[in-house]
Amino acid sequence: MKLSKTLLSSSEFIVFLGLLAIGAFFAFMSPVFMTKFNLLNILLQSSIQGIIAIGMTFVILTAGIDLSVGSVVALSGVLMALMLHGGVPVWLVILINLVFGVAVGLFHGFSITKIGMAPFIVTLATMAMARGLTMVFSDGKTIFDFPPAFEFFGSGNIGPISVAIIIFLLYAFVAEMLLRSTVLGRNIYAVGSNIKAAALSGIRTRWVLYFVYVVSGISCAIAGLVLTGRLGAAMPTAATGYELDAIAAVIIGGASLMGGKGTIIGTIIGVLLIGVINNGMNLLNVPPFWQSFLKGAVIFLAVMIDSLKNKQSEV
Amino acid sequence: METMNPKAILETRNLTKVFPGVIALDDVSLSLNAGEVLGLVGENGAGKSTLMKLLSGVYAPTRGEIYFSGRKAQFRNPKDALDAGISIVYQELNLIPHLSVAENVFINRLPRRGAFVDWAKLYRDTRSILSDSGMDGIDPKAIVADLPIGVKQSVEIAKALSYKAKVLLLDEPTSSLTGPEIENLFSVIRRLREMGIGIIYVSHHLDEIFQVTQRVHVLRDGKTVVVVPTVEADEEFLVSKMVGRDIKNIYYKGQHTPQEVVLQAEGLSDNLLKNVSFKLRKSEVVGVYGLLGSGRTELLKAMVGARPLKKGTVKVRGKVAKLRHPLDAIKTGIVYSSEDRKGENLFFGNPIWKNITYLAIQVGRFTKNGFTLPRQERRAAADFAAKLNVKAPSIDVDVYNLSGGNQQKVCLAKALIEDPEIVLLDEPTRGIDVGAKLEIYRLIADLAAEGRAVVFVSSELPEVIGCADRVYTMSEGRITAELTGDEITEENVLKYCLQVDAAGEATT
Ligand SMILES: Nc1ncnc2c1ncn2[C@@H]1O[C@H](COP(=O)(O)OP(=O)(O)OP(=O)(O)O)[C@@H](O)[C@H]1O
Ligand SMILES: [Mg+2]
């Protein structure tokens, strides 16, 4: 009884209903939508966005933001492509790529906690720098031709399910566990809710901030691996604009840009919602310009409903 | 529209406010005359703040009406009420931290010249408002975030006064103020009264109620218990009406004998503290008393590593302790509880139980290998909340929805559930009602009796004198006196906290 009440009033549940409603609409409009093939396709397309959005959730929970994610995904792809072409073994390439993600996060953490720069500005700068480096390293060209062991992470299958989806779901599970059940997870919420109170309660707020940006960096590295493997190519313009979709997914999922509020489950629902809209509009042959407009309108609606609900309960 | 009382400037009839699971205000009819100060008292959670928020347009009533200047009023938001002539100082601070004092006072109505803010006029006007309220010491250009909580509260008051409203609502306006600022406020209130302004004054400090009010309205569990002229009431009467039984307001020195020194600070200096030395013994309650800006909060923060020190050492149980972060302090058994519950102590948006355990889980309580154990946490938090009489429908309620005094109890639970040997309590009774205060005095005495060491900072002189074995007085970042036994008198404490210690001056 009590559980169902809290469930009904949770942001996640409302967005989930929205997801079902939009799904039902597309199912009604297009016979292809509900096919197993199409649903798996939505999940596959959502998995890269989802991995990035998971990292973004950590950052937004602390009232931060990471605008660099799209560029960092692209840079990670190009770096891996160049290393592969230089003869570095696949396992080492993946390892170095993860280290690269960590390094980006440490850089952000350092700039924010030690130098005291605003997350928006730091990551905006990184966004431009990373995209620039991507162009420099790739000479503006797409790089092809990777060993199958590498492409496995993006386009391989285990049984009937693609590896990308498995990576996404595993990652989401770990992230959800971390946020929900560990002290560190609790501390991330605390820092976002009241950073002064967090410090006085014995939370090392700087470490927490470092950690969330590192998670975001690692998420980009993983997404870079999956994306490059799936496309079989590293494109310098890859993942352009992904930061906005990731932020939108996190906010649709019930998180607040003020920090302290949000869950991985909510984010995943947000990602799926965006994925379903993209997919459905393609099936219905909505012209691309209208697609962008409609997607924006749905994001606006989702966040509006949540804001109105909060306004009501807090007066 | 006719009113029941022709003199009344503000009236409510059968006002009721229901929140999910709580009837916060139940059928309350109140009247306020022009040129009158009406005291509004009641236990924590009695509905005082709710009533004030209904009058100022924050909440809409579930039932009942408000009449203002003889006409039925329906405020849709605080701005409506303000425009009509009702101004309020909320119990919790509502200033915008990164703006200056002047910008906060004149927010939404900054003076302009053309399209630009007229900064010169802004600062001039603010300075005159501040000095009208006897707050000349506050710099209009200071950034609010940098100010201690007491000064912030003064700024809130100045802001409310600046609207020149016909009705002024003051919800625990003195909770972070000390003697001189309170006197100031009272003289301002008297002046406003002569000008025919009606004031509702909420406080848990009954002495203040007796000093400034003409009538007192007592609430209990959201209902009116009695309304009396102040001259016909005394403290015992009001308390018995508030709590529904007789309570003698006695302070409580428990049975404990101070033992060896467990916490010692030597020559602490930073940008405010000047060569402060301090000692605390096992099984001892030490009171620290000082006015606003005396450095009492800073001293406590410096001892737990929450403020960087320029000079000085802190010794714990005789050994020099390098405490660079509050976590280091917690690990050596020292817990600090901040006076600023909204700004530095509680996590709004989180349930009561998580608030209570946040500090404890940092040092491994209720956890296993870095994982939380919510079932244990909840049980312990529920026990502690019950022990401190936190009034709430359940421990899953967001602390944001608790009344101020109940939030304060959550702060205490948060500090004590970790079971620290040394407890530094900064204004632990702020905003707490008389009955609950007694419980807290007893709790502090029990802590000392169990062999813990307690520092008790308070702006309320009687409770410091009543509870402490030893008292330090502070002024302008220095310790000006250390009083023990019979030396602890009101007169002595006040004398020393107004004085700057000459010896301290010489050594810096
Ligand atoms: N926004 C809210 N949502 C739910 N419950 C609320 C809300 N605001 C107040 N309450 C409840 O209403 C009751 C009255 O609260 P109120 O803040 O008016 O008390 P108060 O008399 O001001 O107490 P205090 O002396 O502690 O400040 C309390 O039980 C409180 O928990
Ligand atoms: Mg209140």
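What counts as what
Residues numbered from 1 in each chain as written. Chains lettered and ligands numbered in written order. Predicted model: local features only at pLDDT ≥ 70, side-chain atom pairs only at ≥ 80, totals over all residues. Heavy atoms only, no water. Helix = DSSP H or I, 4+ residues; strand = E, 2+ residues; numbered from the N terminus. Rg over C-alpha atoms; globule rule 2.2 N^0.38 Å. Buried < 20%, exposed > 50% of the residue type's maximum accessible area, 1.4 Å probe, protein only. Core = buried A, V, L, I, M, F, W, Y, C linked by side-chain atoms within 4.5 Å. Contact = heavy atoms within 4.5 Å. Pairing = 2+ DSSP bridges. Axes fitted to C-alpha atoms, helices over the stretch in contact; angles between N-to-C directions. Donors = N, O, S within 2.8 Å, 3.2 Å for Na, K, Ca; no water. 1 Å grid on protein atoms, 1.4 Å probe; cavity = no way out; pocket = protein on both sides within 12 Å on 5 of 7 lines; lining within 4 Å. Points joined across faces, edges and corners; volume = space filled by probe spheres on them. Buried area = accessible area lost by both parts, 1.4 Å probe. Salt bridge = Lys/Arg side-chain N within 4 Å of Asp/Glu carboxyl O. Polar contact = N/O pair within 3.5 Å; in protein donor to acceptor, adjacent residues only side chain to side chain. Nonpolar A, V, L, I, M, F, W, Y, C, P; charged D, E, K, R; others polar. Bend = angle between axes of the 7 residues up to and from the residue. Patch = residues over 30% accessible without salt bridge, like charges linked within 9 Å, V, L, I, M, F, W, Y side chains within 5 Å. Areas by Shrake-Rupley, 256 points an atom, 1.4 Å probe, with all protein chains shown as cover. Disulfide = S-S within 2.5 Å. Right-handed = clockwise from strand over helix to strand, strands pointing away. pLDDT = per-residue confidence, 0-100. Phe/Tyr/Trp six-rings, centres within 6.5 Å; stacked < 30°, edge-to-face > 60°. Lys NZ or Arg CZ within 6 Å of the ring centre and 35° of its normal.

Caption draft 1: Broad picture of the overall build of chain B. Helix and strand counts for chain B stand at 18 helices and 24 strands. For 508 residues, the compact-globule estimate of 2.2 N^0.38 gives 23 Å, and the C-alpha radius of gyration of chain B, at 23 Å, lies within 12% of that figure. With the C-alpha coordinates of chain B rotated into their principal frame, the extents come out at 75 × 55 × 45 Å. Burial status across chain B gives 59% buried among its 508 residues.

Caption draft 2: Summary view of the nonpolar core. Judged by nonpolar contacts, the single largest core of 76 residues is most densely connected at A:Ile54, A:Phe58, A:Ile60 and A:Ile264. Here the element with the most residues in this core is helix α3 (residues 36-61) of chain A; it accounts for 12 residues. Once residues lying within four places of it in the same chain are set aside, the contact partners of A:Ile264 are A:Ile54, A:Thr57, A:Phe58, A:Ala172, A:Ala175, A:Glu176 and A:Leu179. Formed by 48 residues, the second largest nonpolar core is a distinct cluster that contains B:Val41, B:Met135, B:Ile182 and B:Val228.

Caption draft 3: Structural detail: the sheet that holds strand β13 (residues 261-269) of chain B. Residues and elements named next belong to chain B. With antiparallel pairing, the four strands of this open sheet are ordered in space as β14-β13-β16-β17. On the outer flanks of this sheet lie β14 (276-281) and β17 (319-320), each paired with one strand and no other. Relative to strand β16 (residues 311-316), β13 runs antiparallel, the two being bridged by five bridges. Within the sheet, the bridge partner assigned to Ser269 lies in β16 and is Lys311. Along the sheet, helix α9 (residues 296-303) makes contact with β13, β14 and β16, crossing β13 at roughly 115°.

Caption draft 4: Up close: the coordination of the magnesium ion (ligand 2). All names here are of chain B. Here the magnesium ion (ligand 2) is held by Ser49 (OG) and Gln91 (OE1), and the distances to it run 1.9 to 2.1 Å. In this pair, Ser49 is assigned in helix α1 (residues 48-55) and Gln91 in the loop between β6 (86-89) and α3 (101-105), connecting sequence segments 42 residues apart. A residue is classified by how much of its surface remains accessible, and Ser49, at 19% relative accessible area, is buried.

Caption draft 5: Here's a closer look at the layout of surface pockets. Residues and elements named next belong to chain B. Estimated volume of the second largest pocket: approximately 700 Å³. As for the second largest pocket, its lining consists of 33 residues, and the residues nearest its centre are Asp207, Ser459, Glu460, Leu461 and Pro462. At the level of secondary structure, the elements contributing two or more residues to the lining of the second largest pocket comprise α6 (179-194), α7 (206-212), α15 (434-449), α16 (461-467) and α17 (490-497). When residues in the lining of the second largest pocket are grouped by element, the largest group, five residues, is from α6.

Caption draft 6: Fine view of the interface of chain B and chain A. The partner chain A presents 23 residues to the 35 residues of chain B that form the contact. Interface area, chain B with chain A, both sides summed: about 2,300 Å², of which 54% is carbon and sulfur. The three residues of chain B that bury the most area against chain A are B:His325, B:Phe347 and B:Gln362, which together make up 22% of that side's buried surface. Here chain B is connected to chain A by two salt bridges. Here B:Glu377 and A:Arg186 are joined by a salt bridge, their closest N and O atoms 2.8 Å apart. Seen at the junction of chain B and chain A, the total is 12 residue pairs in polar contact (both at pLDDT 80 or more). Residue assignment for the side of chain B that touches chain A shows that the elements contributing at least two residues are α10 (326-331), α11 (341-345), α12 (352-357) and β20 (371-372) of chain B. The residue inventory of the side of chain B that touches chain A, partitioned by class, reads 17 nonpolar, 10 polar and eight charged.

Caption draft 7: Quick look at α3(A). All names here are of chain A. A maximum bend of about 40° is found in α3 at Ser47. Counting buried positions along α3 yields 19 of 26 residues, so the element is predominantly enclosed. Following α3 by one or two positions, Ala63 has its phi on the positive side, about 70°.

Caption draft 8: Highlighting a nonpolar patch on the surface. Residue and element names in this part refer to chain A. Together, Phe110, Ile115, Met117, Phe120, Ile121 and Leu124 make up a nonpolar patch on the protein surface, roughly 560 Å² of accessible area in all. The biggest single contributor to the nonpolar patch is helix α6 (residues 119-138), with three residues. With respect to the helices and strands, the residue Phe120 is situated in helix α6. With relative accessibility at 46%, the residue Phe120 sits in the partly exposed group.

Caption draft 9: A look at the state of the cysteines. All names here are of chain B. Per the stated rule, a full pass over the model turns up zero disulfides over all chains. No disulfide involves Cys411; its sulfur sits 19 Å from that of Cys467, the nearest cysteine. Using a relative accessible area of 3% as the deciding quantity, one classes Cys467 as buried.

Caption draft 10: A look at the pairing of strand β10 (residues 198-202) of chain B. Residue and element names in this part refer to chain B. Summarising burial for β10: five of the five residues are buried, a large majority. Side-chain alternation along β10 places Gly198, Ile200 and Val202 on one buried face and Ile199 and Tyr201 on a second face that is also buried. Of the strand pairs in this sheet, strand β3 (residues 37-41) and β10 are connected by four bridges, and their pairing is parallel. Within β10, the residue paired with Leu40 across the bridge is Val202. Of the strand pairs in this sheet, strand β9 (residues 167-171) and β10 are connected by five bridges, and their pairing is parallel. When the sheet's bridge partners are listed, Asp171 is paired in β10 with Val202. Traced from β9 through α6 to β10, the parallel crossover comes out right-handed.

Caption draft 11: Representation of the confidence of the model for chain B. Residues and elements named next belong to chain B. For chain B, mean pLDDT is 89; residues scoring 70 or higher make up 95% of the total. Low confidence marks residues 501-508, where pLDDT is under 50. Its contacts with residues over four positions away, or in another chain, come to 10 contacts. Here the prediction assigns the complex a pTM of 0.87, and the interface score ipTM is 0.88.

Caption draft 12: Local environment of the environment of B:Val410. Residue and element names in this part refer to chain B. Looking at where Val410 falls in the secondary structure, it is placed in helix α14 (residues 404-416). Note: C-alpha distance between Val410 and Ile96 (314 residues apart in sequence) is 25 Å. Filtering out sequence-adjacent residues up to four positions away, Val410 remains in contact with Leu346, Ile352, Asn355, Ile356, Val390, Val399 and Leu402.

Caption draft 13: Spatial organisation of the packing of aromatic side chains. Applying the stated criterion across every chain yields a total of 12 aromatic pairs over all chains. Judged by centre distance (5.6 Å) and plane angle (85°), the ring pair of A:Trp290 and A:Phe293 falls under edge-to-face. Separated by three residues within a single helix, A:Trp290 and A:Phe293 lie in helix α14 (residues 288-314), roughly one turn from each other. A single burial state applies to A:Trp290 and to A:Phe293, both of which are exposed. Here the aromatic residues A:Phe25, A:Phe26 and A:Phe33 are joined through ring pairs into a cluster of three or more. Geometry around B:Phe384 places B:Lys387 over its ring, the cationic atom sitting 5.0 Å from the centre.

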